[in-house]
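Spelled out from the first residue to the last, the chains are:
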Amino acid sequence: MDHSSSLGGDASASATRITPGFALRPEDIALAAEQGTATPGGDVADYALRLGDDALILAQRLGHWISRAPELEEDVALGNIALDQLGHARSFLTYAGSAWGKSEDELAYFRHEPEFRSAHLFEQPNGDFAATIARQFIAANYQFPLYRELSKSTDPMLAAIAAKAVKEVDYHLDHSTQWVLRLAGGTEESRRRMEAGLALMWPFVGELFEDDPLIAKVGDAGVVPSSLKEEFDRSTGAVLAEAELDVSGHPMATGGGRLGRHSEYLGFILAEMQVLAREFPGAGW
Amino acid sequence: MARNVQPAGQPAPQNAMEALTPEDAAGQENFDRIIAKDSRVEPKDWMPEAYRRSLVRQISQHAHSEIIGMQPEANWITRAPSLKRKSILMAKVQDEAGHGLYLYSAAETLGTTRDEMMDALVAGKARYSSIFNYPTVTWADMGAIGWMVDGAAICNQVPLCRASYGPYGRAMVRVCKEESFHQRQGFEILLELANGTPAQRAMAQDAVNRWYAPSLMMFGPPDDDSPNSKQSMAWNIKRFSNDELRSRFVGMLAEQVKVLGLTLPDDEIRFNEDTKKWEHGPLDWEEFKEVLAGRGPCNAQRLERRRSAHADGAWVREAAAAYAAKQAAKQSSTNAQKAAA
């Protein structure tokens with residue numbers, strides 16, 4: 001299906017690179033919602049909200065690396081990934097918010113902690129570079145098949161957002177894979193750190209693939225998380241095998257993010273992210 | 001200061017006035033011809049040692065400024081007040097890392113490695129633009145930095161696109177394109193704040209007040225106190241004097257501030273009809289020297305952050321190098337087996 005005409009994307013969408021052809025911007029989504037051509041139902045909006053929150057919290061975490069990375073090339077790479085995630089978050093949140101008459105910023109800056117729907121993985125602290133890579137490795141291996149399948153959604157807007165996102169996450173997948181291999185096969189220290197990073201992050205894999213009643217309600221507009229698990233195991237398994245890393249002993253943590261039950265970290269993330277916007281409620285920026 | 005490395009087999013004379021070898025004399029003649037024609041010197045061309053040294057100094061300082069300059073803005077990435085602003089700010093700071101990369105690469109063509117330059121920076125032996133030693137205390141500082149600091153950088157850098165050293169000039173073309181986007185986004189931040197609530201407007205005015213004088217001082221000391229300028233202009237690296245560029249910049253600010261509906265903290269700004277130049281009030285060059293000497297508000301903080309990022313990343317760089325070496329060894333043993341078979 002060609003969404004380019006109905007959704008009004010344009011070629012000048014990216015601030016950082018020239019995107020040839022169709023690129024969907026949050027502004028286009030807001031406009032489509034305003035014109036009434038694309039407004040999600042409540043369940044689809046709830047579903048878009050969790051995808052948006054995952055990407056937003058990950059972007060917030062990754063953004064902290066810029067100016068602190070181990071090498072300039074990684075300042076650029078992690079910055080790029082953060083920007084991509086933020087772009088996806090803006091699209092999903094704009095679309096979700098259009099169901100409730102709320103903007104992306106109202107959702108990002110004026111919700112309280114229990115109203116966020118992000119999974120615990122994305123909230124985990126950056127730790128050292130290996131911990132960040134472990135989180136990226138899990139995130140990309142989850143988001144890649146998720147967005148690929150979501151690009152076939154019966155909801156045209158979700159499909160369009162996912163079709164753009166999957167191309168970017170493909171790069172995130174490559175970036176994290178290369179680093180898992182390098183760190184595992186580099187020095188003794190890097191291997192020890194890679195193992196420690198995976199031990200920190202792997203417990204949060206389980207929650208990503210849990211189904212819940214909302215998933216049943218959105219039907220073919222969404223993607224059933226458990227249906228992605230086999231591919232996740234296969235794709236991560238191949239890399240971990242090559243790197244001779246074993247994650248089988250890590251116990252799965254109890255999740256709850258989709259219900260608004262979060263880790264201890266989210267409060268601090270929001271305190272920092274929301275402080276200025278809340279200091280000047282109603283102001284434009 | 002970054003060490004300059006001699007290309008193999010070309011020991012430079014200790015003093016340019018000493019007798020030149022026939023090769024050096026021919027090289028000097030060719031170099032002089034290039035400069036006289038206002039053409040470009042390329043990495044493989046012979047060049048006077050002092051020209052090479054001067055370029056390494058200037059380009060590496062420029063690269064360091066981009067890298068240290070990421071910090072005051074990165075300070076607001078996690079707190080940017082809207083997602084759109086967060087996205088623009090991240091893209092901007094990321095661009096600065098990219099500028100640092102091109103500039104270090106340009107300097108490497110002169111025989112100094114990026115590692116040497118980075119080591120000099122973290123050892124506190126290299127300079128970077130003093131302006132980044134001031135703190136970014138409010139969101140409006142993101143606007144003022146974009147409008148004034150990047151605006152001053154553009155005034156400085158557009159003429160550098162024509163610098164006689166090819167790799168530097170070409171790097172500057174790309175840098176300038178991105179800088180002009182940076183300046184526009186800064187202006188837009190201030191415009192939004194200036195038209196916002198009274199508190200936002202006050203925040204914008206306060207930022208303009210604080211960044212005005214430091215941004216004017218970015219052009220360097222007055223012409224009669226700028227030791228390197230004359231030679232740099234003779235070599236077609238620098239095209240306009242510090243004061244000339246500063247005057248143009250003041251004119252730009254004086255016009256644009258009206259659009260913002262804000263004021264500049266300088267009652268003496270005027271266009272001199274006789275000289276056809278913009279003039280401004282006196283600047284506190286003592287403060288400039290203090291900050292340059294390491295006694296600014298954030299010198300220690302900026303350097304420590306770069307040092308710790310570099311030190312914390314050492315194990316990652318070592319791992320990448322070790323992995324690459326192992327892969328190369330594996331590849332060559334595979335090739336050897338194939339050759340034997």
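Residues numbered from 1 in each chain as written. Chains lettered and ligands numbered in written order. Predicted model: local features only at pLDDT ≥ 70, side-chain atom pairs only at ≥ 80, totals over all residues. Heavy atoms only, no water.

Looking up chain A in an unreviewed UniProt entry gives the name Phenylacetate-CoA oxygenase subunit PaaC, with the organism given as Arthrobacter wenxiniae.

Draft legend 1. Local environment of the overall build of chain B. When its secondary structure is counted, chain B shows 13 helices and 2 strands. Viewed in the frame of its principal axes, chain B has a C-alpha envelope of about 80 × 50 × 35 Å. Looking at the 341 residues of chain B, the share that counts as buried comes to 53%. Contacts in chain B between residues at least 24 apart in sequence constitute 77% of all its contacts with a sequence separation of at least 6. By element, 54% of the accessible surface of chain B is carried by carbon and sulfur atoms, the whole surface being about 15,300 Å². Considering chain B, the positive charge centre built from 42 side chains and the negative charge centre built from 43 side chains are found 6 Å apart. (Helix = DSSP H or I, 4+ residues; strand = E, 2+ residues; numbered from the N terminus. Buried < 20%, exposed > 50% of the residue type's maximum accessible area, 1.4 Å probe, protein only. Contact = heavy atoms within 4.5 Å. Areas by Shrake-Rupley, 256 points an atom, 1.4 Å probe, with all protein chains shown as cover. Lys, Arg positive; Asp, Glu negative; His and termini not counted. Charge placed at Lys NZ, Arg CZ, Asp CG, Glu CD.)

Draft legend 2. Spotlight on the interface of chain B and chain A. The interface of chain B with chain A comprises 47 residues on the first partner and 50 residues on the second. The largest contributions to the chain B side of the interface with chain A come from Leu83, Gln94 and Trp315 of chain B, which together make up 19% of the buried area. At the junction of chain B and chain A, the tally comes to 15 residue pairs in polar contact (both at pLDDT 80 or more). For the side of chain B that touches chain A, the element with the highest residue contribution is helix H4 (residues 83-108) of chain B, accounting for 13 residues. (Buried area = accessible area lost by both parts, 1.4 Å probe. Polar contact = N/O pair within 3.5 Å; in protein donor to acceptor, adjacent residues only side chain to side chain.)

Draft legend 3. The packing of aromatic side chains, seen in detail. Residues and elements named next belong to chain A. Using the criterion set out here, one finds 15 aromatic pairs over all chains in the structure. Measuring from centroid to centroid gives 6.0 Å for Trp65 and Phe129, while their planes differ by 90 degrees, and the two rings are edge-to-face. Taken as a pair, Trp65 in the loop between helix H3 (42-63) and helix H4 (72-98) and Phe129 in helix H7 (residues 129-150) lie far apart in primary sequence, 64 residues in all. Phe129 matches Trp65 in its accessibility class, with the two residues each being buried. Seen from their ring centres, Phe129 and Trp179 are 5.0 Å apart, and the 85 degrees between their planes marks the pair as edge-to-face. Here Phe129, found in helix H7, pairs with Trp179, found in helix H8 (residues 156-185); they are 50 residues apart in sequence, far enough to count as distant. We classify Trp179 as buried; its relative accessible area is 8%. Here a set of aromatic residues connected by ring pairs shows up, and it is made of Tyr142, Trp202, Phe209 and Phe232. (Phe/Tyr/Trp six-rings, centres within 6.5 Å; stacked < 30°, edge-to-face > 60°.)

Draft legend 4. Expanded view of the packing of helix H2 (residues 49-68) of chain B against H4 of chain B. All names here are of chain B. With their axes 8 Å apart at the nearest point, H2 and H4 run at an angle of 160 degrees to one another. As far as their axial angle goes, H4 and H2 are roughly antiparallel. Between H2 and H4 lies a crossing whose hand is left-handed. Two secondary-structure elements touch here, H2 through Ile59, His62, Ala63, His64, Glu66 and Ile67 and H4 through Glu96, Ala97, His99, Gly100, Leu103, Tyr104, Ala106 and Ala107. Per-class residue counts for the contact of H2 with H4 are 8 nonpolar, 4 polar and 2 charged. (Axes fitted to C-alpha atoms, helices over the stretch in contact; angles between N-to-C directions. Parallel < 35°, antiparallel > 145°, perpendicular 65-115°, else oblique. Left-handed = near helix turned anticlockwise from the far one by under 90°. Nonpolar A, V, L, I, M, F, W, Y, C, P; charged D, E, K, R; others polar.)

Draft legend 5. Highlighting unusual backbone geometry. Residues and elements named next belong to chain B. Phi is positive for Asp38, close to 60 degrees, though the residue is something other than glycine. Looking at the element boundaries, Asp38 is found in the loop between helix H1 (22-36) and H2. In this model, Lys276 sits at a positive phi of 60 degrees, which is unusual for a non-glycine residue. Within the secondary structure, Lys276 sits in the loop between strand S1 (270-272) and strand S2 (277-279). Overall, Lys276 belongs to the exposed group, its relative accessible area being 55%.

Draft legend 6. Broad picture of the packing of helix H6 (residues 140-157) of chain B against helix H10 (residues 242-260) of chain B. Residue and element names in this part refer to chain B. In the contact formed by H6 and H10, the axes pass within 10 Å of each other and the chain directions differ by 140 degrees. Here the hand of the crossing between H6 and H10 comes out right-handed. Contacts from Trp147, Met148, Gly151, Ala152, Cys155 and Asn156 of H6 reach H10 at Leu245, Phe249, Met252, Leu253, Gln256, Val257 and Leu260. Considered class by class, the residues forming the contact of H6 with H10 number 10 nonpolar, 3 polar and no charged.

Draft legend 7. Geometry of the nonpolar core. Core analysis: the largest hydrophobic core is formed by 183 residues, its most contacted members being Tyr47 and Leu183 of chain A together with Trp139, Trp147 and Met148 of chain B. Among residues more than four places away in sequence, those in contact with Trp139 of chain B are Leu276 and Trp285 of chain A together with Trp76, Ala80, Pro81, Arg85, Leu89, Ile189, Leu193 and Met203 of chain B. (Core = buried A, V, L, I, M, F, W, Y, C linked by side-chain atoms within 4.5 Å.)

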